[in-house]
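A closer look at the structure
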Amino acid sequence: MTLDRAHAEALDAADPLAAFRDRFIVADDGVIYLDGNSLGRLPADTPARIDDVVRRQWGTRLIRSWSEGWMDVPLEVGDRLGEALLGARRGETVVCDNVTLNIFKVLHAALGLRPTRTTIVVHRGEFPTDRYVAAEAAAQRGASISWVGPMDPDSVEVDPISPGSVAAAMHDDVAVVLLSVVDYRTAALVDVAAITRVVHDAGAVMVWDCSHAVGSVPLALADVDADLAIGCTYKYVNGGPGAPAFIWANSRLHDQLHNPVPGWMGHSDVFAMGPGYDPAPGVRRFMTGTPSAVALAAVDVGVGLLAEAGMTAVREKSIALTSYAVELVDGWLADLGVTLASPREPHLRGSHVTVRHPDAQALTQALTDRGVIPDFRHPDGIRIGLAPLTTRFADVHDGLLALRTLLEALQR
Ligand SMILES: Cc1ncc(COP(=O)(O)O)c(C=O)c1O
C-alpha cells in the first residue's frame, strides 16, 4: 500500500539523485527538514571553499585577490548559474546584491525601454517585496501599477495566473509585466513561454521573478526570449543565508538597459575613477558596489551540485516528491480538515506543496517543536518544501505522518 513507510523507502532506493544528499551537511539529529524552499541545506564542500577564500585568497593574497579573480567572479558564477539553471547564453547573468534591489534595478531599466508607456502589471498575490518595490519604482517614474489576479494577497489559494488572465490585463500603456514563475504561496507554476509571448504581442517588457523556480524547475529564458529576470540563490541553489541574487538580461537588450543605481562596479572602467558614469558593456552594468567574494564562493558550490545532477533529473525528482506528498495529503489529511492549496496537476507545480488548515500556525509550531520543519504562510498555509537534492521520500512520509498525528490529537 502506497501509504506505508516501506513504499517511501522503496522510492528512495530507486531514486537516481539519492546520493546527492551525502554531498550536504546533514546533522544526525533526526530533524526532518521541509523548508529547503526558504533556506537550502549547506553543501559539504562549502566550508572548504569559503575557508580557501578567507584564509588563502584574503588572508595571504590580500588586495591582490581582486585582480587575481574576484572582480570577475560575479559574472563567472553568473555564467555557470545561467547555463545550468536558467537556459541563458554566456554573458547574460550576473550574481549581485539581493532580489529586492535587483527588482528595483530591472524594473527601472524595463520602464526605460518603453518611455512612452506608464503601466506596470503585477500580480496582486506577488511576493511582498516585488509589490512594494514595483509600487515605488512606478511612483518614481510617474507610472502606476495595474494589479492582476482576483485574490487577496494574504490568502493561500491556487494561483489563477494564466496567459489568458495576463492577456486580459494588457493594453497600449503597459510598459512592463512582473510575475513569478512559481507562486511562493501555492507553488503554482505558470507557462513562461506563453505569457512572455502575450506580453511581447502587446509591446511590453517581461520581467520574471525566478526565486522559487531556480534550481527546482528548468528554465529556458533565452529560448522563450524573455527580457529580464531576477531570483535568489539561498533556496534550491543552496547558496546560504543572504546569498547574493542574480539578474538575467537578454543580450539583445544590453546596450539599452540603464541601471538606476549606477555604482562604480557597473562602470565600464571600474578603476578609472572618472567624473561620470559610463555603463559597462553587457550585464555587468547591473552591478552596484563591491561584491562579496565569500558569498559568491558558496553560490558557486550550490550551482555546481545542480549542474552535476542536471535540471531534467532535478525536475523529475521534484515532481515525484510533490506527487507523493499530494498522495499522502489525500490519504491521511483530507478527512482531518486539511485542504490542498497547490495545483493537483504535477506539471503545474513547483517544488513545494502547500496545505491549508485553520490552525496552520499552531500546527507548524508544534511540528517544529517535534523536529519536523516546514513553514507557515499567513493566514492558514503550511508550506512543505521538497528540495530534490536533499529531501528523501521517507522525510515526506515521516513529516506528514507527524502532521496527521497532531491533527488526530486535535480531534480528540
Ligand atoms: C518571489 C520572491 N521574490 C523576492 C524575494 C526577496 O528576496 P530578497 O530577500 O533576497 O530581497 C523572495 C524571498 O523569498 C521571493 O520568494
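These notes cover the structure that comes with them. Computed from a predicted structure; not experimentally measured.

1. Structural notes on the pattern of salt bridges
A complete count under the given rule lists 23 salt bridges for this structure. Here Arg284 and Asp72 are joined by a salt bridge, their closest N and O atoms 3.1 Å apart. Taken together, the positions of Arg284 in the loop between strand S8 (246–249) and helix H9 (293–309) and Asp72 in the loop between helix H3 (64–67) and helix H4 (73–86) put the pair 212 residues apart, joining distant regions of the chain. Among the residues examined, Asp72 registers a relative accessible area of 39% and is labelled partly exposed.

2. Details of the packing of helix H1 (residues 5–13) against helix H12 (residues 393–411)
Contact pair H1 / H12: the axes reach a minimum separation of 7 Å and the direction vectors enclose 155 degrees. The angle between H1 and H12 falls in the class roughly antiparallel. Of the residues in H12, those in contact with Arg5, Ala8, Leu11 and Asp12 of H1 are Phe393, Ala394, His397 and Asp398. A per-class count over the contact of H1 with H12 returns four nonpolar, one polar and three charged.

3. Remarks on the sheet that holds strand S9 (residues 339–340)
The strand order across the open sheet built from four strands is S9-S10-S13-S12, with neighbouring strands paired in antiparallel fashion. Of all strands in the sheet, those bounded by a partner on one side alone are S9 and strand S12 (375–377). Examined bridge by bridge, S9 and strand S10 (residues 352–356) share two bridges and lie antiparallel to one another. Bridge pairing in S10 places Leu340 opposite Val355.

4. Side note on the packing of helix H10 (residues 311–333) against H12
Each packed pair of helices is defined by two parameters, the angle between the axes and the distance between the axes. For the pair H10 and H12, interaxial distance at closest approach is 10 Å and the crossing angle is 25 degrees. Judged on the interaxial angle alone, H12 and H10 are roughly parallel. When you trace H10 past H12, the crossing you get is right-handed. For the pair formed by H10 and H12, the contact residues are Lys317, Ala320, Leu321, Tyr324, Ala325, Leu328, Val329, Trp332 and Leu333 on the first element and Phe393, Val396, His397, Leu400, Leu401, Leu403, Arg404 and Leu407 on the second. A class-by-class count of the residues in the contact of H10 with H12 yields 14 nonpolar, one polar and two charged.

What counts, and where the lines are drawn
- The residue numbering used here restarts from 1 in each chain and proceeds along that chain's sequence as written.
- In keeping with the model being predicted, local features are shown solely for residues with a pLDDT of at least 70 and side-chain atom pairs are shown and tallied solely at 80 or more, while totals for entire chains, interfaces and linings include all residues.
- The side-chain numbers reported here are obtained from all heavy atoms of the structure, hydrogens and water having been left aside.
- Within this document, salt bridges are pairs made up of a side-chain nitrogen of Lys or Arg and a carboxyl oxygen of Asp or Glu, the two lying within 4 Å of each other.
- Elements are defined by DSSP. Helices are runs of H or I of four residues or more, strands are runs of E of two residues or more, and each kind is numbered from the N terminus.
- We call a residue buried when its accessible area falls under 20% of the maximum for its residue type, exposed when it is over 50%, and partly exposed in between, using a 1.4 Å probe and counting protein chains only.
- For helices, the axis comes from a line fit to the C-alpha atoms of the stretch in contact; other axes are also lines fit to C-alpha atoms, and the angle between any two N-to-C directions lies between 0 and 180 degrees.
- Put simply, angles under 35 degrees are roughly parallel, angles over 145 are roughly antiparallel, angles from 65 to 115 are roughly perpendicular, and the rest are oblique.
- Working rule for contacts: check all heavy atoms of both residues, and any pair within 4.5 Å makes them a contact.
- Under the convention adopted here, Pro, Cys and the residues Ala, Val, Leu, Ile, Met, Phe, Trp and Tyr are nonpolar, Asp, Glu, Lys and Arg are charged, and Gly plus all remaining residues are polar.
- The pairing criterion is simple: DSSP has to find at least two bridges between the two strands.
- The crossing is said to be left-handed when, going from far helix to near helix, the turn is anticlockwise and less than a right angle, and right-handed when the turn is clockwise.

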